[in-house]
Amino acid sequence: MRFFPDCGPFFPDARPALAFASAYELLVATVLAAQCTDARVNLVTPEFFRRWPDPAALARATEAEVSDVIHSTGFFRQKAKNLVATARLLVERHGGAVPASMEALTALPGVARKTANIVLSNALGINEGIAVDTHVRRLSFRLGLTTSDVPTVIECDLMPLFPRETWGEINHLLVMHGRVTCRARKPQCTDCILDDICPKVGV
């Protein structure tokens, strides 16, 4: 069962909106993106990575220093605490590298399954699951792919529907579709490529 067989021409650039050049950078950016727009995070990360280009550098930073740089992303004190603690664990337990497993990633402070899925898929080429964010959660329900609003349950409902090698792409397509067409308040159903098969649950 595939719900996005012909969407390539509609979303040819479906990829993370966060700017990153390594697994470390994507991990940091995804943590910062919690309760914050990707656009805002992309304004903050250039200075962040200039000052702390790798986990070893970040591990030597203070939470106050990090808080000052990430202040505009919201919840900055907790994010700073988690990022510094994560960097220290990366240095102590993983030789300064981002681990390539769900178990190891979710053991890091502030890293839940969604963040781990994003890092694994987009930076390390590992499809362990499907990242469930706000857009994926909303669209999965509207499309009738799940009856749950619990991210872990939604992920389990989605994974059997798509080939494993497409799990990362599915997240990007749902996010793009949610931003462009299937919006939260005013979904553009008449312009939707999925209009003829979408049950429009809750619309």
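Residues numbered from 1 in each chain as written. Predicted model: local features only at pLDDT ≥ 70, side-chain atom pairs only at ≥ 80, totals over all residues. Heavy atoms only, no water.

Colleague: Report on helix 1 (residues 23-32), specifying residues and quantitative values.
Modeller: With 10 of 10 residues buried, helix 1 is to be regarded as a mostly interior element. Residues A23, Y24, E25, L26, L27, V28, A29, T30, V31 and L32 constitute the buried set of helix 1. On its buried face, helix 1 is in contact with helix 2 (38-51), helix 3 (55-59), helix 4 (63-70), helix 5 (76-94) and helix 7 (113-124). (Buried < 20%, exposed > 50% of the residue type's maximum accessible area, 1.4 Å probe, protein only. Helix = DSSP H or I, 4+ residues; strand = E, 2+ residues; numbered from the N terminus. Contact = heavy atoms within 4.5 Å.)

Colleague: Tell me what's going on with the pattern of salt bridges, and back it up with residues and numbers.
Modeller: Throughout the structure, instances matching the rule amount to six salt bridges. For E47, the salt bridge identified is with R50, shortest N-O distance 2.8 Å. Pair noted here: E47 and R50 are both in helix 2, with a separation of three residues, about one helical turn. Note on E47: relative accessible area 31%, which makes it partly exposed. Its relative accessible area of 58% is what places R50 among the exposed residues. Residues R137 and D149 are paired through a salt bridge, measuring 4.0 Å at the closest nitrogen-oxygen approach. (Salt bridge = Lys/Arg side-chain N within 4 Å of Asp/Glu carboxyl O.)

Colleague: Would you mind going over the nonpolar core in detail, with residue names and values included?
Modeller: In terms of nonpolar packing, the biggest core is built from 40 residues, with F48, W52, L58, V66 and I70 touching the most fellow members. Counting residues per element, the ones that place at least two in this core are helix 1, helix 2, helix 3, helix 4, helix 5, helix 6 (102-106) and helix 7. Sort the elements by how many residues they give to this core and helix 1 lands first, with eight residues. If sequence neighbours within four positions are ignored, I70 has contacts with L32, V44, F48, F76, K79 and A80. Counting 19 residues, the second-largest nonpolar core is a separate cluster that includes L139, W167, C192 and L194. (Core = buried A, V, L, I, M, F, W, Y, C linked by side-chain atoms within 4.5 Å.)

Colleague: An account of the side chain of D38 is needed here, citing residue identities and associated values.
Modeller: Within the secondary structure, D38 is located in helix 2. At 2.9 Å, the side chain of D38 and the side chain of R179 are in polar contact. (Polar contact = N/O pair within 3.5 Å; in protein donor to acceptor, adjacent residues only side chain to side chain.)

Colleague: Any chance you could break down the layout of surface pockets for me, citing the residues and the numbers?
Modeller: Empty space within the largest pocket amounts to approximately 960 Å³. Every residue lining the largest pocket is counted, 39 residues in all, and those nearest its centre are A33, A34, K114, I118 and D133. The set of elements that each furnish at least two residues to the lining of the largest pocket consists of helix 1, helix 5, helix 7, helix 8 (134-142), helix 9 (151-158) and helix 10 (167-180). With six residues, helix 7 is the largest single contributor of residues to the lining of the largest pocket. When the residues that make up the lining of the largest pocket are grouped by side-chain class, the tally is 16 nonpolar, 14 polar and nine charged. (1 Å grid on protein atoms, 1.4 Å probe; cavity = no way out; pocket = protein on both sides within 12 Å on 5 of 7 lines; lining within 4 Å. Points joined across faces, edges and corners; volume = space filled by probe spheres on them. Nonpolar A, V, L, I, M, F, W, Y, C, P; charged D, E, K, R; others polar.)

Colleague: Please give an account of helix 2 that cites residues and values.
Modeller: Compared with an ideal rise of 1.5 Å per residue, which puts 14 residues at 20 Å, helix 2 spans 20 Å between its outermost C-alpha atoms and is within 8% of the ideal. The largest bend in helix 2 comes to about 35°, at V44, with the proline P46 one to four residues further on. Of the positions making up helix 2, those classed as buried are D38, V41, V44, T45, F48 and F49. Buried positions along helix 2 lie against helix 1, helix 3, helix 4, helix 5 and helix 10. (Expected span 1.5 Å × (residues − 1). Bend = angle between axes of the 7 residues up to and from the residue.)

Colleague: Go over the environment of P99, please, and point to the residues and values.
Modeller: For P99, the position within the fold is in the loop between helix 5 and helix 6. In sequence terms P99 and S148 are 49 residues apart; their C-alpha atoms lie 30 Å from each other. Beyond its immediate sequence surroundings of up to four residues, P99 is in contact with L90, H94, A104, L105, L120 and L124.

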